[in-house]
Amino acid sequence: MGRVRFEAITWERLGDLLADRLLDLKPDDGSPWPRIAFDGAPAARPGDLAVRVSEALRIRGRSSLVVGTEGFLRPASLRFEYGHEDVEAYYDGWFDTAALWREVFGPLDPGGTGRVLPDLWDPTSDRATRSPYVPLPPGAILLTHGPLLLKHWFPFDLTVHVLLSPGALRRRTPEGEHWTLPAFERYETETAPAATADVLVRADDPRHPAWNG
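Residues numbered from 1 in each chain as written. Predicted model: local features only at pLDDT ≥ 70, side-chain atom pairs only at ≥ 80, totals over all residues. Heavy atoms only, no water.

Chemist: When you look at the side chain of arginine 35 in this model, what are you seeing that I'm missing?
Modeler: Examined against the element boundaries, arginine 35 turns out to sit in strand β2 (residues 35–39). A distance of 3.0 Å separates polar atoms of two side chains, one belonging to arginine 35 and the other to aspartate 29. Residue contacts for arginine 35: discarding those within four places in its chain leaves Pro27, Asp29, Leu108, Asp109, Leu142, Pro155, Phe156, Asp157 and Leu158. (Helix = DSSP H or I, 4+ residues; strand = E, 2+ residues; numbered from the N terminus. Polar contact = N/O pair within 3.5 Å; in protein donor to acceptor, adjacent residues only side chain to side chain. Contact = heavy atoms within 4.5 Å.)

The following block contains the structure:
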């Protein structure tokens with residue numbers, strides 16, 4: 001990544017700035033539904049930022065839907081087929097990307113139905129959630145959050161990566177989940193989300209992030 005200029009900001013102000021930016025965003029493929037990624041390790045809490053932006057959009061009179069990829073985990077029998085701490089499985093096999101394409105992104109293609117399934121699988125009960133479809137009116141914005149999002153070629157119109165330094169990532173990841181850390185090291189090497197995202201947020205200080213976008 002080349003030199004970038006970071007600006008200190010509050011989470012509230014960041015949510016407002018991102019919402020303002022999304023109001024005029026037009027998908028390049030002609031879809032009436034802008035699709036936004038909030039990418040980051042669970043410890044970076046990209047979902048919190050997605051929710052902040054959704055609330056800021058609501059205040060501005062714009063509909064949105066927040067979808068977390070944790071609602072599209074594969075069944076435990078598939079996630080843990082090679083053990084409960086298999087890094088390769090976590091990196092490539094924990095999330096049901098086919099279901100995300102079918103139930104979330106496909107309906108928002110140009111000419112799509114706009115009917116999105118907000119979640120599919122409950123990892124706690126290891127059963128289908130049976131959530132109803134949500135119809136998105138034209139102009140509504142999809143806010144998708146989760147880890148390792150940018151390596152799947154999902155059709156995002158704007159990408160936000162919430163970055164933690166290796167030290168902060170280790171400190172803020174529960175000890176029982178430290179086995180996932182090599183997956184994020186591999187992600188940085190193979191996908192380089194900090195260099196490729198449209199907006200980069202450094203979140204080492206959970207109170208005062210810095211951003212470039």
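Chemist: Where do I start with the sheet that holds strand β8 (residues 141–146) in this structure?
Modeler: Backbone hydrogen bonds hold the strands of a sheet together, and the pairing may be parallel or antiparallel. Strand order in the open sheet formed by 7 strands is β1-β11-β10-β9-β2-β8-β3, with mixed pairing between adjacent strands. Of all the strands in the sheet, just β1 (7–8) and β3 (64–68) have a single pairing partner and so form its edges. In this sheet, strand β11 (residues 210–212) lies alongside strand β10 (residues 199–202) in antiparallel orientation, the contact comprising 3 bridges. In the strand pairing of β11, leucine 200 is matched with asparagine 212. Together, β2, β3, β8, β9 (158–163) and β10 form the strand contacts of helix α2 (residues 46–59), whose direction differs from that of β8 by roughly 165°. (Pairing = 2+ DSSP bridges. Axes fitted to C-alpha atoms, helices over the stretch in contact; angles between N-to-C directions.)

Chemist: Whenever I open this one, the side chain of lysine 151 confuses me. Can you help?
Modeler: Locating lysine 151 in the fold gives a position in the loop between β8 and β9. Under the relative-accessibility criterion, lysine 151 is labelled buried at 18%. Engagement of the side chain of lysine 151 in a polar contact is seen with the side chain of aspartate 92, the distance being 3.1 Å. Setting aside chain neighbours within four positions, we find lysine 151 in contact with Tyr91, Asp92, Tyr187 and Thr191. (Buried < 20%, exposed > 50% of the residue type's maximum accessible area, 1.4 Å probe, protein only.)

Chemist: Just checking my understanding: could you explain unusual backbone geometry for this structure?
Modeler: Most peptide bonds adopt trans geometry, and most residues besides glycine take a negative phi value. Here the phi dihedral of arginine 45 falls at roughly 55°; this positive angle occurs in a residue that is not glycine. Its place among the elements puts arginine 45 in the loop between β2 and α2. Residue classification places arginine 45 among the exposed residues on the basis of a relative accessible area of 53%. Here the phi dihedral of aspartate 126 falls at roughly 55°; this positive angle occurs in a residue that is not glycine. Turning to its location among the elements, aspartate 126 is positioned in the loop between β5 (121–122) and β6 (127–128).

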